[in-house]
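Geometric and topological summary
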Amino acid sequence: MRRQLSLLMVFPFLFLVLVAPMAQPKGKIRKADLRKDILVRTDSGNMVLRLNDSTPMHRDNFIRLVKSDYYKGIGFHRVISGFMIQAGDEKTKPNADTSSPMKQYTLTAEIRPELYHKRGILAAARMGDDVNPQKNSSGTQFYIVQGKLFNDVSLDSVETHRLKGRKLPEPHRKIYKTAGGAPHLDQNYTIFGELIIGYDVLDKIANTKTSGRKGGDKPLTDIRIREMKMVRRIQ
């Protein structure tokens, strides 16, 4: 537990290199898009994501990226078992130009107190508080929480040491004890969706062998997103 709770301080997996901004993707969002889910086809199997209407800026941005095929060929570049899987870095595409930093745009944070990092949550990566006190999100990089189970003692420790005394709502604590998650991220990153189908795929990717903490937690074998597309809601 000590290692997992200190990961963000040692290897800030959700933090990004500060580079010049680029324009957001353009494209019309149709009403029908808001009633669809997103199929994510990966080398490890398929997952289905459902976006959250309470964070509309992030929802619409993700839809535009999906419809523009931005994620096709992108790899999961950071994977931590019991924690999360992260993707969205354009440099991970095959034949990407890695000679210079890729430009990224940001989104204004849409942090909602009712949304929390239970298992399967989809959220936006971002730069650290030292250069990004507003907690603005990366426009393209996201993570899906695999998480782990907590008990009252470990949740109390998270509240004291990671949340600076802020108490987790009791319903959230119950979910962290029964389904798992990553409570130390709560109210620090914008959550904009969740996994509906494919928890076995999430676990398969999260549990793959990686370079480890010193190597940036990169999968030893590439795991790529073959396709993302809008699909009719299954359930």
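This text follows the structure it describes.
Summarised in this report is the structure supplied together with it.

The subject of this paragraph is the packing of helix H4 (residues 152-162) against helix H5 (residues 170-178). Orientation of H4 relative to H5, taken along the N-to-C sense of each, is 125°, at an axis distance of 10 Å. As the angle between them shows, H4 and H5 are arranged oblique. Our pair here, H4 against H5, has a crossing hand that is right-handed. Here Asp152, Leu155, Asp156 and Glu159 of H4 lie close against H5, whose contacting residues are Arg173, Tyr176 and Lys177. In the contact of H4 with H5, the residues fall into two nonpolar, no polar and five charged.

For the structure shown, the criterion picks out eight aromatic pairs. Measuring from ring centre to ring centre gives 6.0 Å for Tyr143 and Tyr189, while their planes differ by 90°; the resulting arrangement is edge-to-face. In this pair, Tyr143 sits in strand E7 (residues 137-145) while Tyr189 sits in the loop between H5 and strand E8 (191-197), placing the two residues 46 residues apart along the sequence. Just as Tyr143 is buried, Tyr189 falls in that class too.

This paragraph deals with the pattern of salt bridges. This structure, assessed with the given rule, holds 19 salt bridges. Ionic pairing is found between Glu159 and Lys167, a salt bridge with its closest N-O pair at 3.5 Å. Using a relative accessible area of 3% as the deciding quantity, one classes Glu159 as buried. Looking at Lys167, the relative accessible area reads 59%, which means it is exposed. Linked through salt bridges whose partners overlap, the residues forming this network are Asp152, Asp156, Glu159, Lys167, Arg173 and Lys177.

Locating Glu90 in the fold gives a position in the loop between strand E4 (84-87) and strand E5 (106-107). Along the primary structure Glu90 and Gln104 are separated by 14 residues, whereas in three dimensions their C-alpha atoms are 9.3 Å apart.

For the rest of this paragraph, the subject is the environment of Ala32. For Ala32, the position within the fold is in the loop between helix H2 (7-10) and strand E1 (36-42). As for Ala32 and Met230, which are separated by 198 residues in sequence, their C-alpha atoms are 10.0 Å apart.

Of all six residues in strand E6 (residues 121-126), six are buried, a share of seventy percent or more. With three bridges joining them, E6 and E8 adopt antiparallel strand pairing. Residue pairing across strands places Ala123 opposite Ile191, the latter belonging to E8. Of the strand pairs in this sheet, E6 and E7 are connected by four bridges, and their pairing is antiparallel. When the bridges of E7 are listed, Leu122 appears paired with Ile144.

Cut-offs used in this document
Just so you know, the residues in each chain are numbered from 1, in the order the chain's sequence is written. Since the coordinates come from a predicted model, pLDDT governs what is reported: local features require at least 70, and pairs of side-chain atoms require 80 or more to be given and counted, while whole-chain, interface and lining totals use all residues. Values reported for side chains reflect all heavy atoms of the structure, with hydrogen atoms and water molecules removed beforehand. Here the axes come from fitting lines to C-alpha atoms, over the contacting stretch only for helices, and the angles between their N-to-C directions go from 0 to 180 degrees. For helices the rule is a DSSP run of H or I covering at least 4 residues; for strands it is a run of E covering at least 2, with both sets numbered from the N terminus onward. Angles below 35 degrees are treated as roughly parallel, those above 145 as roughly antiparallel, those between 65 and 115 as roughly perpendicular, and all remaining angles as oblique. In this scheme the crossing of two helices becomes right-handed for a clockwise turn of the near helix relative to the far one and left-handed for an anticlockwise turn of less than a right angle. Residue contacts follow a heavy-atom distance rule, with two residues in contact if any of their heavy atoms lie within 4.5 Å. The nonpolar class holds Ala, Val, Leu, Ile, Met, Phe, Trp, Tyr, Cys and Pro. Asp, Glu, Lys and Arg form the charged class, and all remaining residues, Gly among them, are polar. Each aromatic pair joins two rings of Phe, Tyr and Trp (for Trp, the six-membered one) with centres within 6.5 Å, and gets the label stacked for planes under 30 degrees apart, edge-to-face for over 60, and tilted for any other angle. Burial classes: relative accessible area under 20% of the type maximum marks a residue as buried, over 50% as exposed, and values in between as partly exposed (1.4 Å probe, protein chains only). By definition, a salt bridge exists where a carboxyl oxygen of Asp or Glu is found within 4 Å of a side-chain nitrogen of Lys or Arg. At least two DSSP bridges between two strands are required for those strands to pair.

Just geometry here; none of it tells us what the structure is for.
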